[in-house]
Amino acid sequence: MEAMLFSDKAPKPVGAYPHARQVGNLLFLSGVGPRKRDAKDIPGVTVDAEGKIVQYDIETQCHAVFENVRYILEASGGRWENLVDVTVFLTNMKDDFQTFNRIYAEYFKENQPCRTTVEVNALPTPIAIELKCIAVVGSGH
């Protein structure tokens, strides 16, 4: 079974891709950032007239990203506890990792998926964090 899935609560994808794609009992989420659906402003981000980040609040962005991941999981028949692998992209590892790691631990007290965290130069929109997730859904999960 293969299906492309969309959430009506998560922000619309910024390109030609679904929020998630299910193959068998694996659910692959496209990169998820902190944007809100149908909103121009990004939680925790202040940009200048050219769209460049002036300042940002990584804590606010982390909570918004986790909320968007949850929206996509729920729209796809999954739950937070179904996550098995999370790849984290941060634009400023030195300044943001400690805060991110603390908030991540709050969300993953019970279920602890595998995780990889990497620093990147930039992300497609003016954000400081993006998550790429894989979950197990369906039969018995």
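Located above this text is the structure these notes cover.
Residues numbered from 1 in each chain as written. Predicted model: local features only at pLDDT ≥ 70, side-chain atom pairs only at ≥ 80, totals over all residues. Heavy atoms only, no water.

**Quick look at unusual backbone geometry**
Step number 1: The backbone of Asp38 shows a phi angle near 60°, a positive value even though the residue is not glycine.
Step number 2: With respect to the helices, strands and loops of the structure, Asp38 is situated in the loop between strand E3 (26-29) and strand E4 (45-47).
Step number 3: Its relative accessible area of 64% is what places Asp38 among the exposed residues. (Helix = DSSP H or I, 4+ residues; strand = E, 2+ residues; numbered from the N terminus. Buried < 20%, exposed > 50% of the residue type's maximum accessible area, 1.4 Å probe, protein only.)

**Things to note about helix H1 (residues 58-75)**
Step number 1: The terminal C-alpha atoms of H1 lie 26 Å apart, and with 18 residues this matches the ideal 26 Å at 1.5 Å per residue to within 8%.
Step number 2: Ile58, Gln61, Cys62, Ala64, Val65, Phe66, Asn68, Val69, Ile72 and Leu73 are the residues of H1 that are buried.
Step number 3: The residue sitting at the N-terminus of H1 and contributing the capping side-chain oxygen is Asp57; that oxygen lies 3.0 Å from the backbone nitrogen of Glu59.
Step number 4: Of the residues trailing H1, Gly77 is marked for its positive phi of about 85°. (Expected span 1.5 Å × (residues − 1). Polar contact = N/O pair within 3.5 Å; in protein donor to acceptor, adjacent residues only side chain to side chain.)

**Let's talk about the nonpolar core**
Step number 1: Formed by 28 residues in total, the largest nonpolar core has its most connected members in Leu29, Phe66, Val69, Ile129 and Leu131.
Step number 2: Elements with a contribution of two residues or more to this core: E3, H1, strand E6 (83-90), helix H2 (93-107) and strand E8 (129-136).
Step number 3: The element best represented in this core is H1, accounting for 7 residues. (Core = buried A, V, L, I, M, F, W, Y, C linked by side-chain atoms within 4.5 Å.)

Shape is all these values report; function is a separate question.
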